[in-house]
Amino acid sequence: MVKKKTAFVCSDCGAEFARWQGQCSECRAWNTVTEFRVPSVKAPPRSAAMAGYAGMVEAKVQTLDEVNLESLPRFSTGFKEFDRVLGGGVVPGSAILIGGSPGAGKSTVLLQTMCLLAQNMNTLYVTGEESLQQVAMRAHRLGLPTDKLRTLAETNVETICQLALQEKPSIMVIDSIQVMHMSDVQSAPGSVSQVRESAAYLTRFAKQNQVAIFMVGHVTKDGSLAGPKVLEHCIDCSILLEGSSDSRFRTLRGNKNRFGAVNELGVFAMTGQGLKEVSNPSAIFLNRGEEQTPGSLVMVIWEGTRPLLVEVQALVDYSQLANPRRVTVGLEQNRLAMLLAVLHRHGGLQVADQDVFVNVVGGVKVSETSADLALIVALVSSFKNYALERQLVVFGEVGLGGEIRPVPSGQERLKEAAKHGFKRAIVPNANKPKEPIEGMEVIGVNSLSEALEALF
């Protein structure tokens, strides 16, 4: 009788060890190393056509000019915003992981997509968290066509792939990867080993049979995808559906994409009929009040392959505390502390005894440096209680020496602002267009002092 092999794996980081130990030497966590049986090497089932083809192909070394550069065939999901995040559509044989917090709308947007695609191609929706009755009730509530969508309630990965060979779908949804399990892995569903082996098995099945697979993933309390990090490495595309409970808008952001640009952003609105795409997201983020208030300003950020106009608000108020508060929503807090030091050193404004609150309207998270100048201008506007003009837009990176550095795609940002009716712009001098933009006055600045002088 063959002795079954065992391994010891950390449930937090997925590191493997030859024997049990109390503390993981990789992540330094205690009592996380558990024993599980190493699964037998088993390849996912493949169709007869793909099996015959795989047997004929032999591995060989090639030069790059011998590689076939035919464009990858794609098919649309039915949502232009979804296609944008995916890089132009779904690539056959790709493995796509979509994550998000509970209630964000992961299952809803995938159910909408699958019901639309089922009208023209073979599809399979696999649910492991809900019953088929629950899925059907949601589809009827959203008013979706349900006559052609094939569904399956199963959590065993081997069974799912065997049934998928019979159904021959072009696209398949696994909801969710955290509840899937393999028979050979001796651990509970959702553990590091189960998630890793299940995702690897499904990814191989997708490549061998040219089936596009969407996997739904859970997130932890800090917003990162649950499970081992290898989960994000083995899939082709990782996207995150974000949205707060008090807002009806959802943003779909690409964190990894082997077939397109990363950090692409798609905007949806949650309605009674499911998620509806927002074709002009700048318009919803610019829903400003009739009266202009101090500390409010519009900036142009770059998301993926397009500009986006968002409003930033700042409130500077005298603090009663020994250590004044620095609170940011949608921006990096360390970045704010650095800009306040630059404002003191090169702008002559001291806010050491002031509470500073900063918010990006609409729940957008801004990570690029083009928001530096707009943030400083909003802070000065609030501190001086001076309302800026409504038709002003500002962007630019601020260096530690007080210089204003250029940002990428400056022309496209200005054209987007002009399209929404903005008449005046404060930008880095290097981003000032050579040809004037009709209806817009563009002021180029080289330093922070020049920018504040132009405004105040």
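Provided above is the structure to which this section pertains.
One structure accompanies this document, and this report is about it. In this text the structure is predicted, and so the values were computed from the model without any measurement.

The full count for this structure, using the stated rule, is two aromatic pairs. Look at Phe79 and Phe268: their rings are 6.0 Å apart centre to centre, the planes differ by 75°, and that puts the pair in the edge-to-face class. In this pair, Phe79 is assigned in the loop between helix 1 (48-56) and helix 2 (80-86) and Phe268 in strand 11 (residues 265-271), connecting sequence segments 189 residues apart. Each member of the pair, Phe79 as well as Phe268, is classed as buried. Ring plane angle 55° and centroid distance 5.8 Å describe the contact between Phe82 and Phe214, whose orientation is recorded as tilted. Pair noted here: Phe82 is in helix 2 and Phe214 is in strand 8 (residues 212-217), with a separation of 132 residues, a long-range link. Take Phe82 and Phe214: they sit in the same class, and that class is buried. Over the face of the ring belonging to Phe395 we find Arg413, whose NZ or CZ atom lies 5.7 Å from the ring centre.

For the rest of this paragraph, the subject is the nonpolar core. The biggest cluster of nonpolar side chains holds 47 residues, and the ones touching the most others in it are Leu297, Met299, Val312, Leu373, Leu379 and Ile426. Top contributing element to this core by residue count: helix 10 (residues 372-383), with eight residues.

Our focus in this paragraph is the side chain of Gln194. Turning to its location among the elements, Gln194 is positioned in helix 6 (residues 192-209). Residue class for Gln194 comes out buried when judged on its relative accessible area of 1%. If sequence neighbours within four positions are ignored, Gln194 has contacts with Met180, His181, Met182, Val185, Ser187, Ala188 and Pro189.

What follows is about the sheet that holds strand 9 (residues 237-242). Read across the open sheet, the nine strands follow the order 6-5-7-8-4-9-10-11-12; overall the sheet is mixed. Edge strands, defined here as strands with exactly one partner in the open sheet, are strand 6 (150-153) and strand 12 (274-277). For this sheet the average axis-to-axis angle between neighbouring strands, irrespective of direction, equals 25°. In this structure, strand 11 lies alongside strand 12, joined through four bridges in antiparallel fashion. Directly across from Ala269, in strand 12, lies its bridge partner Lys276. Across the sheet, helix 3 (residues 106-117) lies against strand 4 (95-100), strand 5 (123-127), strand 7 (171-175), strand 8, strand 9 and strand 12, angled at about 155° from strand 5, the strand it touches most. Most of the contacts of helix 6 go to strand 8, to which it runs at about 160°, and overall it touches strand 4, strand 7 and strand 8.

So, on to helix 3. In this model, helix 3 (twelve residues) spans 17 Å end to end at C-alpha, consistent with the 16 Å of a helix rising 1.5 Å per residue. Buried within helix 3 are the following residues: Lys106, Ser107, Thr108, Val109, Leu110, Leu111, Gln112, Thr113, Met114, Cys115 and Leu117.

Reading guide: rules and limits
Residues numbered from 1 in each chain as written. Predicted model: local features only at pLDDT ≥ 70, side-chain atom pairs only at ≥ 80, totals over all residues. Heavy atoms only, no water. Phe/Tyr/Trp six-rings, centres within 6.5 Å; stacked < 30°, edge-to-face > 60°. Helix = DSSP H or I, 4+ residues; strand = E, 2+ residues; numbered from the N terminus. Buried < 20%, exposed > 50% of the residue type's maximum accessible area, 1.4 Å probe, protein only. Lys NZ or Arg CZ within 6 Å of the ring centre and 35° of its normal. Core = buried A, V, L, I, M, F, W, Y, C linked by side-chain atoms within 4.5 Å. Contact = heavy atoms within 4.5 Å. Pairing = 2+ DSSP bridges. Axes fitted to C-alpha atoms, helices over the stretch in contact; angles between N-to-C directions. Expected span 1.5 Å × (residues − 1).

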